[in-house]
Structures are given as C-alpha cells and as structure tokens.
Amino acid sequence: MVNAGDMNGSGNLMDFLDEPFPDVGTYEDFHTIDWLREKSRDTDRHRKITSKSKESIWEFVKSLLDAWSGWVVMLLIGLLAGTLAGVIDLAVDWMTDLKEGVCLSAFWYSHEQCCWTSNETTFDDRDKCPKWQKWSELLVNQSEGASAYILNYFLYIMWALSFAFLAVSLVRVFAPYACGSGIPEIKTILSGFIIRGYLGKWTLLIKTVTLVLVVSSGLSLGKEGPLVHVACCCGNFFSSLFSKYSKNEGKRREVLSAAAAAGVSVAFGAPIGGVLFSLEEVSYYFPLKTLWRSFFAALVAAFTLRSINPFGNSRLVLFYVEYHTPWYMAELFPFILLGVFGGLWGTLFIRCNIAWCRRRKTTRLGKYPVLEVITVTAITAIIAYPNPYTRRSTSELISELFNDCGALESSQLCDYINDPNMTRPVDDIPDRPAGFGVYTAMWQLALALIFKIIITIFTFGMKIPSGLFIPSMAVGAMAGRMVGIGVEQLAYHHHDWIIFRNWCRPGADCVTPGLYAMVGAAACLGGVTRMTVSLVVIMFELTGGLEYIVPLMAAAVTSKWVADAFGKEGIYEAHIHLNGYPFLDAKDEFTHRTLATDVMRPRRGEPPLSVLTQGSMTVEDVETLIKETDYNGFPVVVSKDSERLIGFAQRRELILAIKNARQRQDGVVSNSIMYFTEDPPELPANSPHPLKLRRILNLSPFTVTDHTPMETVVDIFRKLGLRQCLVTRSGRLLGIITKKDVLRHMAQMANQDPESIMFN
C-alpha cells in the first residue's frame, strides 16, 4: 500500500479491493460469466484453504468439510429430487383418475389403488370395483346409456379445463419462469448465461404444483423435461447454502450439471441414462469430477424414488417389459423404417412448433396465454374423450403399447383369434390371426396418432410446464405398434415367403409388436431431441429390455441421420435460437474463411472504441463513460495516443468500486484521478485524493491478432467460455470481439437473422 500522505500530504491512497466489498465478482442478469476468471478464483480459494489447513486442527477440519461439501450437496439434491418426483407421480395418478370418477372408501386413492384395497374385485372385472364410481354413477346413479356418457364427457372436460386454468394462472401470477420444459434455458445457463430467478425457490414450488395440474389435465405433454428443471432448482437451492458454490458461478454450474442427471434419473428411473443425458445433451463443461458426482446424485435420487414406490410395482422402471421372443435380423428393415419415420416426425415437429412459437411471440396471440391454454385444453379434452387411447394418460398408453400379449391380457390390442387345440405354455403364445378387437384398435390408434402429432405442435411452448419426451414417445409407440401388428400378421399369413421362411415356422411366436412400439418410441424421441447414446441407455433402463439394444441403436442412429439431413438443430437448440440466448453450441461447425478483423468492433465508419487510460481519467470521466455506454467492460490502455494495452476492467466492478470509494474514503470527488498502475506518480499538494483501482483490473485479458482466422476465434470462445476477446496488432489495441459478435457473425454466415441474438 502506498502512503500518498508522504508524497503530497493528501492522506492515504486506498486500493478498494484489498478488502473485498459486497457483490464484487458477481454478474448482472442476462449476462455471460467469465469461465477463466471463475476457474482462477476457485484455484486461489483452494490454494488458500490448503495452506491454512496446516496451521491448526480446526483449519484442517474446515478443509475436510470444504472437500466433502460437494458430496453433501449431491446427497441433498438426490433426496429432494427423488421425493418431489415420487409426490408428483402419486398426485398425477390420482388427479388423472379424478376426471373420470372417485373412490368412495378414500377419495385420495386413484382407480388402481381403490381396486387394490377392495375385497370384492374379481380377476375378470379387475378394472371395475364397487368402491370406484364414475361421476354418472355417483350423481345420477347410472353407469350405462347416453345420459351417463354425456355427463361423464362433460365432467371430464370441466375437470381438464379447471386443472389447466389453475396451472396457467399460478404460472402467470407467481412464477413466469415455471413455464415450458426448461431444458433450453438449463442448457443456456450451464453454458455460462445468467437468468436470475429461473432456478429460484418460487419457480421450484410453482413448477412442482403446476406440473401435476397440467399432466392431470390430459394435455399432450409430459413431466420428464420439467423434472430436469425441478432438479436443477433443487441444485441451485442447495448450492446457495455453501459459499464454495454460491460465490462461484463456474462451480455452481458443476452442481447444476449433476442435478440435471438426477432429474432424468427420477423422470425415467434411469440413473445411468441421466448421467449420459447430462453429458451428451445439456452440459457445457463436464469434468471427470462432475461425472462421479452426477452418478452419485442420480443414484440417490433413484433410490429415494424406489423407496416411495409411486408405480406400486416395486420397480424403478416406468414401462417394464418382458418379451419372450428374440428379434431376428430380417426385422432390422422395419426397425430402420421406424427410424426414418422418427426422423421425419422430428423434422416436421421442430419446424411446425418453431413457426407456431414465433407466431406467438410476434403477434397478439402471445398477449393471451390463459385463453390459449384454455382453448387448447378444451380442444384436447373434446377430441380425446371418445377415443380410449387418447382419453387415458399418455404414460398408461405407452405402457399398454409396449406390453406383450400374454394369456391374461384383456386389452383390445390382444384380441386375437385363438386356436382351441393350443396346448403351449402360457408365456409362449404363437402368432395368431388378428380378431375384431385388434382391427378396431388399429383404426383407433391411427386416429390417436394423427391427433397426437397435430395437438403436440400447438401444446409445447405454451405458458405452462410442458415436457416433450412422453408425447414424442407416444407418437413413436403408436406408429411402432401398428407396424408391429402389420409385420406379425404378414408373417402369420405368409410364413412361406423367403423373408419369413428361415425364422418363422407355423405355430411359432415370431414377432413381438410391443418391441416395435419400443423401437418407434426411441426413434421419435431421437428425431426430436437428436439424442443417441443417452437415448438408447434411457430406453433400455426404462423398459428393462437390455436384449434389444441393437434395434434401439439402429432406430436412434437412423432417426438422427434422417432428421440431420433436414437441419442440424434439435428442438432444444431451436428454442434457444428462437429466444435469442447466447448459446455457442459445441456441435456447430464454423468453416468460413473470415478473420478477426472482419468481426471486431468498431467497424469501419463506427465511432472509436471506448477505453480507459491508466492514469489520466477522473472519476467524473469514467462515470460519464459508464452512463453513456452499455458495454460490459472497457479495455485499459497506457494513453489514447499509444493505445498500448494494459488490461480489461469490468463495468459492474468499476461502478461498485467508485460507489464504495465515495462511501468509505474521505476526499474522493468527481475530479479525483483514477489510477490503474501499481505506483501512482506524485501529485501536487492541493490535488484531490486519487483513487487506485489496480486490483479490479484483469491484467491478462485474452487477445488475438487482427489476422487470426474466425474459425480459431470461435474455437477459443467455445472451449474457454470467454465473454470477450481483445484484438491487437503489435501490442496496440484495435478492437474487441464479444460472444454476441461471434454468434451474430455465425448467424450471418448461415444466412440467418443476426439480430435474433439479443443477449450478451
């Protein structure tokens, strides 16, 4: 510390970062973090703790607590995420059944739970039990006939509308960030963007409650994507309790990556798939340490969910299947066809949904979110009720489509014509001709498929929590089941054809339609999200069908290839670009031959770059510069004539430093000189107190020369997570390139609107 009083009698010269003041090192809302700086700060913190741990036993204990705090956070995230997922599953089951009837013995029981507890339920009538009554039975004592059907139909619509209205009202009033799937924003936040409140406590509470309401309303959406958002809210809450994470945005994002894995783990009962999903789909920075912690968080979350046992089947998996027939090489052709269908559906969905969401943003439609939700819910309920495959919850529908037809199945899909002379074991039922029920189910499924494809386009993106995994899987499962039944009947009636002759003998169980539904579900989900490895792992964890990895891989890869042929963006990347978030995707390739000088600011004809000098500007000059510009920071140069680069000062830290200096140091006035040097020069005796701000200066800002190829610059921004990069020639400052400039240049090169990138 230099004693200025020795030089000019004007008192002590203070460097205000010798004692850190509040909010220094934090970022403003809708701005990008500086990954290098956060990493450097964490390294300094760790070095300080390690050196102090040798001083005393208490400091050593504190260092151990600091080392274990990461695992404690993971444990807490897993416990809370698993508990919330279990509660959501139980509540959704009850409220979905509430649209059709109520349990007389205990109104909080779902239909299935009500019939479990009844002693009067027989196996043949297991879906009917005296304790469960439809609304028509309860209100007018009629279970059959037109009047009973109309009353049940009307009450089904009323319940759906009331659930949806309550959900959209809660979101609009209490937590606007609780809408949507949340995964596009989570990806953006994990890439280093700040969206304050997006992972807050109110968002967590409202998203959990409204997720139950919207899924129960029967809208074509799922709870899986929003559960990732819910788990990340849990991660944000617990990381704020530990200074190691609350004061470092880079470390916080490591916790959020692990929380995303826990979210998928409880959404599907797929802990390994959750870790791979976080790695492949949402995370930007995923060191090995985060992989281990993600695995632990996913394990704890899955264990907690299994303890709650919301599905009542003592299994963690959502759609457990047991197929008794292996798949054959000849079946790869229909599996690949399902992959093509998945890719085409993914392309159609992304283009139509983005067009509709853009229309919502740019027209008056976006001003009436409540009316839009009510309208879509009414249309969904009115069309869904008459068809048994759209009336039930989407999870139940997928479960039925995945099922193999055993001897005890009562589903229409299993209404085959049995051979009276059949004396085979119960599990090994041969292929049989389709009965009337199968043909009825086929056209009902075809109508349900068309309805799901259309209504999902308009549902995803409304101002309510809405996931896309389950609707996409339902579309694929319906298409797959129909293809499976078609192949099965073809093999039965034409077993002498060359493609069936080698593996399908008469009277054998050759084709499993449920497997085709499973493959179709994977293909459609892959087409929409562009997931591959994590998708296959999630699907076999979800169903327990480890034997069927090859068909799933074939369909997933085919759907990705087909969808990528029409456009590289998955649905989440498309929504990120629609919202103008500054997301630099690692999958994007930049192949254009432009240079840093083509992209940097200022361009030709623009005013010169706003800079600070190291020792000739007053406090008033700097405050005026800050007021007149909205830049995130300013390069510091020796003088405006030489323009030799010294470092870079962040706007927020300049504001905080000046504010604190005025409050805490006497004599700092508007015409006080600001110094960014280590040793300020001697000042005349009557001059005001100077202000030394060397400590807020970044002395090693990242620089490139003006002839650096943009391909290299893009790679640097992507791999180092930079906010900005300074352009120099022979040490002289020429300009600056920000992340927004890079993204706008990439958009321009791809013939897109560069102004769509709204945030820095």
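Along each chain, numbering runs from 1 in the same order as the chain's sequence is written. Given that the model is predicted, a residue must reach a pLDDT of at least 70 before its local features are reported, and side-chain atom pairs must reach 80 or more before they are shown or counted; all residues, however, enter totals for whole chains, interfaces and linings. To get the side-chain values, take all heavy atoms of the structure and skip hydrogens and water.

The name given to the protein chain in an unreviewed UniProt entry is Chloride channel protein, and the organism recorded there is Gopherus agassizii. UniProt positions are given in the numbering used here, feature names are shortened, and annotations may be inferred rather than shown by experiment. Per its UniProt entry, the protein chain bears the Sequence similarities (unreviewed entry) comment "Belongs to the chloride channel (TC 2.A.49) family."

Asks: Outline unusual backbone geometry, supporting the account with residue identities and numerical values.
Replies: Cis geometry is adopted by the peptide bond preceding Pro-602, which originates at Arg-601 and carries an omega value of 0 degrees. Mapped onto the secondary structure, Pro-602 falls in the loop between helix H25 (596–599) and strand E3 (612–613). A positive phi angle is found at Arg-530, which is not glycine, with a value near 65 degrees. Here Arg-530 shows up in the loop between helix H21 (513–529) and helix H22 (533–543). For Arg-530, a relative accessible area of 7% corresponds to the buried category. Backbone geometry places Ser-730, a non-glycine residue, at a positive phi of 55 degrees. Each helix corresponds to a stretch of at least 4 residues labelled H or I by DSSP, and each strand to a stretch of at least 2 residues labelled E; elements are numbered beginning at the N terminus. Position of Ser-730 relative to the elements: it lies in the loop between strand E11 (724–729) and strand E12 (732–738). A simple rule labels every residue: compare its accessible area, found with a 1.4 Å probe on the protein chains alone, to the largest value its type can have, and call it buried under 20%, exposed over 50%, or partly exposed in between.

Asks: Before we move on, could you go through the nonpolar core and cite the residues and values that matter?
Replies: Here, nonpolar core refers to any group of buried Ala, Val, Leu, Ile, Met, Phe, Trp, Tyr and Cys residues whose side-chain atoms link them within 4.5 Å. Counting residues in each nonpolar core, the largest one holds 157 residues, and the members touching the most others are Phe-268, Phe-277, Phe-402, Ile-464, Met-473, Met-518 and Met-539. Residue ranges assigned to each domain were obtained from an automatic or database domain assignment. Mapping this core onto the domain boundaries places at least three of its residues in each of domain 1 (94–308) and domain 2 (335–418 + 427–579). Note on contacts: a residue pair is in contact if any heavy atoms of the two residues lie within 4.5 Å. Beyond its immediate sequence surroundings of up to four residues, Met-473 is in contact with Phe-268, Phe-319, Ile-398, Phe-402, Ala-521, Leu-525, Met-539 and Leu-542. Residues Ile-626, Ile-646, Ile-658 and Leu-697 belong to the second largest nonpolar core, which totals 21 residues.

Asks: Describe the pairing of strand E6 (residues 645–650), and please don't skip the residues or the numbers.
Replies: Across the six residues that make up E6, a large majority, five, are buried. Sheet analysis places strand E5 (residues 633–637) next to E6, joined by five bridges and oriented antiparallel. Note that in E6 the partner of Val-636 across the bridge is Gly-647. Note: E6 against strand E9 (residues 697–698), two bridges, orientation antiparallel. Residue pairing across strands places Ala-649 opposite Leu-697, the latter belonging to E9. DSSP bridges decide pairing: two strands pair if at least two such bridges lie between them.

Asks: Describe the domain arrangement of the protein chain, and please don't skip the residues or the numbers.
Replies: Under the domain assignment used here, the protein chain contains domain 1 (94–308), domain 2 (335–418 + 427–579) and domain 3 (596–750). Using C-alpha coordinates to define each centre, domain 2 is positioned 54 Å away from domain 3.

Asks: Mind laying out a nonpolar patch on the surface, listing which residues take part and the relevant values?
Replies: A surface patch of nonpolar side chains, amounting to about 860 Å² of accessible area, comprises Ile-57, Trp-58, Phe-60, Val-61, Leu-64, Leu-65, Trp-68 and Val-72. Along the chain, Leu-65 turns up in helix H3 (residues 57–98). Classification of Leu-65 as exposed rests on a relative accessible area of 54%. In this scheme, patches are assembled from residues that exceed 30% relative accessible area and form no salt bridge. Like charges are connected within 9 Å, while nonpolar side chains (Val, Leu, Ile, Met, Phe, Trp, Tyr) are connected within 5 Å. Using the Shrake-Rupley algorithm and a 1.4 Å probe, accessible areas are obtained, with residue cover drawn only from the displayed protein chains. Take a side-chain nitrogen of Lys or Arg and a carboxyl oxygen of Asp or Glu: if they are within 4 Å of each other, that pair is a salt bridge.

Asks: How would you sum up the UniProt feature "domain: CBS" (unreviewed entry) in the protein chain? Please name residues and give values.
Replies: The positions that UniProt labels "domain: CBS" (unreviewed entry) are, in the present scheme, residues 600–664 and 697–755. Regarding residues 600–664, the helix share stands at 37% and the strand share at 23%, and the terminal C-alpha atoms are separated by 39 Å. For residues 697–755, the end-to-end C-alpha separation is 31 Å, with 37% helix and 31% strand making up the annotated structure.

Asks: An account of helix H17 (residues 394–402) is requested, with residue identities and associated values reported.
Replies: Considered for burial, the residues of H17 that qualify are Thr-394, Leu-397, Ile-398, Glu-400, Leu-401 and Phe-402. Buried residues along H17 sit against helix H16 (388–391), helix H18 (436–459), helix H19 (469–493), H21 and H22.

Asks: Explain the sheet that holds E5 to me, and be specific about the residues and the numbers.
Replies: Across the sheet, four strands lie side by side as E3-E5-E6-E9; this open sheet has mixed pairing. The open sheet is flanked by E3 and E9, the only strands paired with a single partner. Where E3 lies against E5, two bridges are found, and the strand directions are parallel. Across the sheet, Thr-613 pairs through a bridge with Val-637, a residue of E5.

Asks: Outline the state of the cysteines, listing residues and values.
Replies: Cysteine sulfur atoms are paired as a disulfide whenever they fall within 2.5 Å. Scanning the model with the defined rule gives two disulfides in all. The disulfide partner of Cys-115 is Cys-129, and the gap between their sulfur atoms is 2.2 Å. Looking along the S-S bond of the Cys-115-Cys-129 disulfide, the torsion reads about -70 degrees, which is the left-handed sense. On the criterion of sequence distance, the pair formed by Cys-115 in helix H4 (residues 111–117) and Cys-129 in the loop between H4 and strand E2 (132–134) is long-range, its members being 14 residues apart. On the basis of relative accessibility, which here comes to 6%, the residue Cys-129 falls in the buried class. The cysteine Cys-233 is free of any disulfide, with Cys-234 supplying the nearest cysteine sulfur at 7.0 Å. Assessed through its relative accessible area of 2%, Cys-233 is described here as buried.

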